[in-house]
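# Fold and contact review
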Amino acid sequence: MCGIVGYVGEKRNAQDVLVNGLKRLEYRGYDSAGIATLDEKGEAHLARSVGKIVELEQVLLEESHTGKIGIGHTRWATHGGVTVENAHPHSAGDVYLVHNGIIENYKELKAKLKEHKFTSDTDTEVLAALVDSNYGLNISLKDAVAKSLKQVRGTYGIAVISPREPGVIVVARLGSPLIIGVGKDETIIASDASALLGYTREAIYLNDGELAVCTKDSVDVYNLSLKPQNHIPEQIEGDLEQIQKGGYPHFLIKEIMEQSSTLGNTLKGRIDTKTGKMHLGGPNLTQKEMQSIKHIVIVGCGTAYYAGLLASYYLEQLVPELTTEVVIASEYRYRSFHIPKNSVALIVSQSGETADTLACLREIKKRGVKTLGIVNVVGSTIAREVDGGTYVHAGPEISVASTKAFTAQVVTMLLFGGMLAEHQGGSPQLLNDFVQELAKLPSEIEKTLRDYAGEIGDLAKKYAKYDDALYLGRDTAYPISLEGALKLKEISYIHAEGYASGELKHGPIALVDENTFEIFNILDNWLYDKSLGGLHEVRARGGKAIVLTDAAKEKQIEADDIVRIETPLKHLVPILLNTLQQLFAYHVAVARGNDVDQPRNLAKSVTVE
Ligand code: AGP
């Protein structure tokens, strides 16, 4: 997520506060950064760089900023590549502005702002130009900002300065946090309380739709109609590390719990519940290509591979006659593989840097096959080398174990399938069913995580001491069984294996005894009765069986433990069950005292082969 810091005072150099504050926000993930300050003469100085804060510090060596007021930003690119021109702060005339969020109507606003010479392809520069266009000679910065924000649709957390009012920072928020630290003869603003620690513990938390005028010794809050709003400064609780995790004890649980909101970003503008259609910008495929694709190769490693496996079921359901092939990148790259004509390859990667996946991409491109990225990190190597593609917009995933990215990857590939279905005569009813379920998915994930967290926590305590586990499922419950086993093994170090439950009797059932536990993902669908078969086989041999299911309680199930989720969803139930598996793995790992965010032997991105 992007980060914002601002400072106005009389005892510190703004540059130092801004850089220090941006470093506090590094954990949120970013790919470029910048600051703007006003010096004693009121002149503006702008410094921006791609890469890490250390790069920005190099730039600042060339032109140090002496002013005591400024704003800074770390950008996690979502719209517009990772370039200096797209880095914040953006400027227009006498306005310097940083922004978190998405201005949805930026294109129509941009079309009206003819006087401004745009240098970036961001929505933020449009906002800066809009404020400048409203910042007439007898208009205050506060008035210009308020007038502009009434013209935008979308979300924002912003900080704005101008050489015309060198002692003032105007801030505002709608849907993206903005906190104002009230110090002694200084005011520090930030998108995250961690940047305020060490300067003050007194903070004003702006509400949505509010704007504030900050000086070194005052903070005046208004609504957008400039009616004063009363705020009493609150105490900032917690220490730095705790705050960066949003109050959660680990990044992993934060990322598990936030996937309902990050999935909202994945879906934004990509489904239409009225028309029952899905839409993805980015695949860079012509209408003819969309109509002619008959085969899809899905490439990934680890969780990305399992996301592809789950997506392949949905793609085949949605697109008549489509065939799919899901491959492990580290194997595929060395095989003498052949990809038929009328194929595309989906290259799935959270980091966009996984060496084996990148090598596969290059091999596939050599064969003239169109490659589409399903990537989270904007501007990553894979994202830059694919022929087209779509960002999954899951936000930075800090914890080594991938959770919210899995969900976002599956949904993004499902959206691609929906577009293909429309171009290839897929069932409009089925397409609409998926669209309606996707629209409900974020809230269903939130409800599932909230309503069953207790049961899952108890299960984790009960099974944390086991050393062997099997995860079993059929059909779309099979890929999540593989993923569930990976989650457990990589953070709890329990030897967990995922299997198609129909495979149990072909060997793995020999592992079943009182020292193993089996997690069955059982869907209340056409395979329900079949899925119970494996469960009975395990129970008959003394295995400890846990069932995760959407089957109603009227459906009798014999197991040691059952978690039944209530949901209107059908097709996407595996995604809900997988969030329970994520929680289970997390709590088991905590119970076993492991380093949940940095498990032994693992790296977040495997850039070596
Ligand atoms: C998932 O929890 C693991 N950290 C690992 O399997 C990961 O999914 C794999 O290394 C692929 O990473 P990528 O998505 O960044 O390419």
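Remember, predicted model here, so these are calculated numbers, not experimental data.

### Observations concerning unusual backbone geometry
- Here the amide bond leading from H88 into P89 is cis, since omega sits at 0°, within 30 degrees of zero.
- Of note in this structure, L226 is not a glycine but carries a positive phi near 65°.
- Following the sequence through the fold, L226 ends up in the loop between β13 (218-223) and β14 (228-229).
- Among the residues examined, L226 registers a relative accessible area of 27% and is labelled partly exposed.

### Here we look at the nonpolar core
- In this structure, I296, F416, L441, L488 and F584 are the most contacted members of the largest nonpolar core, which totals 91 residues.
- Considering every element that reaches this core, the biggest residue donor is helix α15 (residues 428-463), with 13 residues.
- Dropping the residues within four chain positions of it, F584 is found in contact with I456, L459, A460, Y463, Y471, L488, F517, I519 and I546.
- Ranked by size, the runner-up nonpolar core spans 31 residues in total, among them A92, V95, Y106 and F118.

### Details of the environment of N86
- Within the secondary structure, N86 sits in the loop between β4 (69-75) and β5 (90-92).
- Using a relative accessible area of 3% as the deciding quantity, one classes N86 as buried.
- Sequence spacing of N86 and P283 is 197 residues, and the spatial spacing of their C-alpha atoms is 22 Å.
- When residues no more than four places from it in sequence are discounted, the contact partners of N86 are R75, G80, G81, S120, D121 and T122.
- In terms of polar contacts, N86 uses its side chain to reach the backbone carbonyl oxygen of G81, at 3.0 Å.

### Some details on the packing of aromatic side chains
- With the rule as written, the count across this model stands at seven aromatic pairs.
- Taking 5.5 Å as the distance between ring centres and 55° as the angle between the ring planes, the aromatic pair formed by Y305 and Y306 counts as tilted.
- Owing to a relative accessible area of 16%, Y305 belongs among the buried residues under this scheme.
- Residues Y314 and F434 carry aromatic rings whose centres are separated by 5.5 Å and whose planes lie at 75° to one another, so their mutual orientation is edge-to-face. Pair noted here: Y314 is in helix α10 (residues 302-318) and F434 is in helix α15, with a separation of 120 residues, a long-range link.
- Relative accessible area serves as the criterion here: at 0%, F434 is assigned to the buried category.
- When the ring centre of F118 is taken as reference, the NZ or CZ atom of K110 above it lies at 4.9 Å.

### Quick look at the site of the ligand
- With respect to spatial proximity, 15 residues lie near the ligand, and among them S349, Q350, S351, T354 and E490 are the closest.
- In the model, an oxygen atom of the ligand is placed 2.8 Å from a nitrogen or oxygen of the S402 main chain.
- Here an oxygen atom of the ligand and a side-chain polar atom of K487 are 2.9 Å apart.
- Here the ligand, which alone exposes 410 Å², has 91% of that area covered by the protein.
- Sorting the residues of the shell around the ligand by element identifies α10 and α16 (477-492) as the ones contributing at least two each.
- Of the residues contributing to the shell around the ligand, the split by class is six nonpolar, seven polar and two charged.

### A look at the sheet that holds strand β27 (residues 561-564)
- Read from one edge of the open sheet, five strands run β24-β23-β25-β26-β27, paired in parallel fashion. Only two strands of the sheet have a single partner each, and these edge strands are β24 (495-500) and β27. Neighbour to neighbour, the strand axes of the sheet diverge by 15° on average, direction disregarded.
- Here strand β23 (residues 468-473) pairs with β24 via six bridges, running parallel. Within β24, the position partnered with G473 by the bridge is A500.
- Of the strands in this sheet, β23, β24 and β25 (516-522) are in contact with α16, which crosses β24 at around 175°.
- Helix α17 (residues 528-540) contacts β25 and β26 (544-549) of the sheet and is inclined by roughly 170° relative to β25.

### Quick word on the packing of helix α8 (residues 259-267) against α15
- Viewed as axis vectors pointing N to C, α8 and α15 meet at an angle of 170°, and their least axial separation amounts to 8 Å. In terms of orientation, α8 lies roughly antiparallel with respect to α15. Of α15, the residues touching α8 (which contributes Q259, S260, L263, G264 and L267) are L438, L441, P442, I445, E446 and L449.
- Taken together, the residues of the contact of α8 with α15 sort by class into seven nonpolar, three polar and one charged.

### Quick look at the sheet that holds strand β18 (residues 295-300)
- Strand order in the open sheet made by the five strands is β19-β18-β20-β21-β22, with parallel pairing throughout. The open sheet terminates on both sides in strands that have one partner only, identified here as β19 (323-328) and β22 (388-391). Strand-to-strand twist in this sheet, taken as the mean axis angle between neighbours without regard to direction, amounts to 20°.
- One ladder, built from six bridges, connects strand β20 (residues 343-349) with strand β21 (residues 370-375); its direction is parallel. For S349, the partnering residue across the bridge sits in β21 and is V375.

### Describing helix α12 (residues 355-366)
- With 12 residues, α12 ought to run about 16 Å at 1.5 Å a step, and its terminal C-alpha atoms sit 17 Å apart, in line with that.
- Inspection of α12 places A355, D356, T357, L358, A359, C360, L361 and I364 among the buried residues, and these make up the whole buried set.
- If you follow the buried residues of α12, they end up packed against β18, α11 (329-332), β20, β21 and α13 (381-385).
- Backbone geometry just downstream of α12 places G368 in the positive-phi region, at approximately 75°.

### Quick word on the packing of α15 against helix α18 (residues 573-591)
- Contact geometry of α15 with α18 gives a least axis separation of 8 Å together with a crossing angle of 40°. Every pair of crossing elements has a handedness; the one defined by α15 and α18 is right-handed. Here α15 contributes L441, E444, I445, T448, L449, Y452, A453, I456, G457, L459, A460 and Y463 to the contact with α18, which in turn contributes I575, L576, T579, L580, L583, F584, H587 and V588.
- Taken together, the residues that form the contact of α15 with α18 break down as 15 nonpolar, four polar and one charged.

### A look at the environment of L149
- Tracing the backbone shows L149 in helix α5 (residues 141-149).
- Exposure remark for L149: the relative accessible area of 4% places this residue in the buried category.
- Apart from residues no more than four positions distant in its own chain, L149 is found in contact with L127, Y156, I158, A172 and L224.

### As for the pairing of β20
- Taking burial as the measure, the seven residues of β20 include seven buried ones, the bulk of the element.
- Covered by surrounding structure in β20 are S343, A345, I347 and S349 together with V344, L346 and V348, the residues of both alternating faces.
- Both β18 and β20 contribute to a ladder of five bridges, which runs parallel. From the neighbouring strand, V299 faces β20, where its bridge partner is I347.
- With α12 bridging β20 and the parallel β21, this β-α-β connection has right-handed handedness.

Rules of the game
Residues numbered from 1 in each chain as written. Predicted model: local features only at pLDDT ≥ 70, side-chain atom pairs only at ≥ 80, totals over all residues. Heavy atoms only, no water. Helix = DSSP H or I, 4+ residues; strand = E, 2+ residues; numbered from the N terminus. Buried < 20%, exposed > 50% of the residue type's maximum accessible area, 1.4 Å probe, protein only. Core = buried A, V, L, I, M, F, W, Y, C linked by side-chain atoms within 4.5 Å. Contact = heavy atoms within 4.5 Å. Polar contact = N/O pair within 3.5 Å; in protein donor to acceptor, adjacent residues only side chain to side chain. Phe/Tyr/Trp six-rings, centres within 6.5 Å; stacked < 30°, edge-to-face > 60°. Lys NZ or Arg CZ within 6 Å of the ring centre and 35° of its normal. Near = heavy atom within 4 Å. Areas by Shrake-Rupley, 256 points an atom, 1.4 Å probe, with all protein chains shown as cover. Nonpolar A, V, L, I, M, F, W, Y, C, P; charged D, E, K, R; others polar. Pairing = 2+ DSSP bridges. Axes fitted to C-alpha atoms, helices over the stretch in contact; angles between N-to-C directions. Parallel < 35°, antiparallel > 145°, perpendicular 65-115°, else oblique. Expected span 1.5 Å × (residues − 1). Left-handed = near helix turned anticlockwise from the far one by under 90°. Right-handed = clockwise from strand over helix to strand, strands pointing away.

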